[in-house]
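Results of the structural survey
For reference, the chains in residue letters:
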Amino acid sequence: MAHPLEQLRDDALREIESASDEQTLEAARVKYLGRSGSISAWGEQMKSLSKEEKPVVGKLLNEVRNAVTAASEKRTAGFRSQKESASLGKIDISLPGTPHQIGALHPLTQMWERSIEIFRRMGFALADGPDIEDEWHCFDALNTPPEHPARSEQDTFYLPDGRLLRTHTSTVQIRTMQAEKPPIRVISPGAAYRNEEIDATHAAQFHQIEGLCVDENVSVADLKGALEFFMRELFGPDTAVQFRPHFFPFTEPSLEVYVKSKALKGGERWIEVAGSGVVHPAVFEQVNKARGDKGYDPEKWSGYAFGLGMDRLAMILFDIPDLRLFSQNDLRFLRQFA
Ligand code: DAH
């Protein structure tokens, strides 16, 4: 003879199957599975059963509860999907959709990421510094005292309190050395500012990647090796790199870096892309004074530094004729780099 629980299960399944709407189904669910439903009541009765009966009935009760729960959930899902397809039926899927606008990285950001990736492989870490600087970090610490003519060549925008928008990212060299002991190997991409007459190749805000390497026995050969590697990774293996003597107050010797590559449009001429040099001992002395120690003893440590013009590099790499395109937000221009 069937156990009364089996009878209960068959009744429940029949009611669930025949429920014609969600309310009837819910009523059946409560009737059997609800807190005071008839299947739940069996759970209460378990206490009064004998030791032998308990496991047998317990097992059956579980099976019954699972079967009824599964059947009720299945029908709930059925009602739900019926409702959904009924409402979707009113949608005309042949209507054209709203086109999705896909964004892309700005060419300067792409340039930035490519460069960081190359320097990262060479063991350079990222360093950062503020765009609003004090004169000491921008000039004095970089061996450019107030009366120095190099200072007037880099006119910039001053705040009423005497601070200024940094004219180059070289400020981050100083900030890094103040904060950390040698050896140092960092790059710092960021914006720089000058009070320029704006034209196709000059902007009041431009972008640089500063580099600084300080260690024992660092020479101009290390500088040349690092920058040649970088330029060839960026512009291709046929890129020629030339170093021309120049003057920067914070390096000695100082070199300007030029590239030429057949792979580039207009690549048959030399294009200036960076300033660089071997860190001037006077810079180390300024840093020592600020640190209050001999952390950068010029007798022990030497270094090279460079400042790459990022806008210039991007103009060469992507064959962009006018610097102003970078900041005009013209989608016809930007879409070409998507
Ligand atoms: N700060 C220089 C500029 O903006 C570029 C530069 C030259 C950076 C030589 C350096 C360097 O680190 O060593 O014109």
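Residues numbered from 1 in each chain as written. Predicted model: local features only at pLDDT ≥ 70, side-chain atom pairs only at ≥ 80, totals over all residues. Heavy atoms only, no water.

1. Focus on the pairing of strand β7 (residues 251-260)
In summary, the side chains of a regular strand alternate between the two faces of the sheet. For β7, the tally of buried residues reaches 7 of 10 residues, placing the bulk of the element in the interior. Where β7 and strand β8 (residues 271-279) come together, 7 bridges link them in antiparallel fashion. When the bridges of β8 are listed, L255 appears paired with S276. (Buried < 20%, exposed > 50% of the residue type's maximum accessible area, 1.4 Å probe, protein only. Helix = DSSP H or I, 4+ residues; strand = E, 2+ residues; numbered from the N terminus. Pairing = 2+ DSSP bridges.)

2. Comments concerning the site of the ligand
Neighbouring residues of the ligand: 15 residues in total, closest H168, S170, Q173, Q208 and E210. A distance of 2.9 Å separates a nitrogen atom of the ligand from a polar side-chain atom of S170. Taking A305, its main chain carries an N or O atom lying 3.2 Å from an oxygen atom of the ligand. Alone, the ligand offers 350 Å² of accessible surface; in the complex the protein occludes 92% of this. Taken together, the elements giving at least two residues each to the shell around the ligand come down to β5 (205-215), β8 and β9 (302-309). Looking at the shell around the ligand residue by residue, the classes come out as 4 nonpolar, 9 polar and 2 charged. (Near = heavy atom within 4 Å. Polar contact = N/O pair within 3.5 Å; in protein donor to acceptor, adjacent residues only side chain to side chain. Areas by Shrake-Rupley, 256 points an atom, 1.4 Å probe, with all protein chains shown as cover. Nonpolar A, V, L, I, M, F, W, Y, C, P; charged D, E, K, R; others polar.)

3. Thoughts on the nonpolar core
One finds F119, M231, F235, L308 and L313 to be the most contacted residues of the largest nonpolar core, which totals 44 residues. Residues in contact with L313, not counting those within four places in the same chain, are M111, F230, M231, L234, F235, V273 and L308. In this structure, A141, M177, F250 and Y296 belong to the second largest nonpolar core, which totals 19 residues. (Core = buried A, V, L, I, M, F, W, Y, C linked by side-chain atoms within 4.5 Å. Contact = heavy atoms within 4.5 Å.)

4. So, the pairing of β5
Counting buried positions over the 11 residues of β5 gives 9, a clear majority of the element. Pairing analysis gives 10 bridges linking strand β4 (residues 184-193) to β5, with the strands arranged antiparallel. Considered in β5, the bridge of I184 is made with V214. With 8 bridges connecting them, β5 and β9 associate as antiparallel partners.

5. Considerations on helix α1 (residues 4-18)
The end-to-end C-alpha distance of α1, which contains 15 residues, comes to 21 Å, matching closely the 21 Å that a straight helix rising 1.5 Å per residue would cover. For α1, every residue scored as buried is listed here: L5, L8, A12 and I16. For α1, the arc enclosing every buried residue in end-on projection is 65°, short of the 170-degree limit, so these residues lie on one face. Projecting away from the buried face of α1 at angles above 90 degrees are the exposed residues R14, E17 and S18. (Expected span 1.5 Å × (residues − 1). Arc of directions from axis to C-beta.)

6. Focus: unusual backbone geometry
Omega for the bond connecting P182 with P183 falls within 30 degrees of zero, at 0°, which places this linkage in the cis form. Turning to its location among the elements, P183 is positioned in the loop between α8 (171-179) and β4. With an omega of 0°, the peptide bond running from E252 to P253 counts as cis. Mapped onto the elements of the fold, P253 is located in strand β7. Of note in the backbone geometry, N217 takes a positive phi value of approximately 60° without being a glycine. Along the chain, the position of N217 falls in the loop between β5 and α9 (220-235). You can call N217 exposed: its relative accessible area is 71%. Phi at N329 is positive, roughly 60°, even though this residue is not glycine. Here N329 is to be found in the loop between α11 (310-318) and α12 (331-334). Overall, N329 belongs to the exposed group, its relative accessible area being 59%.

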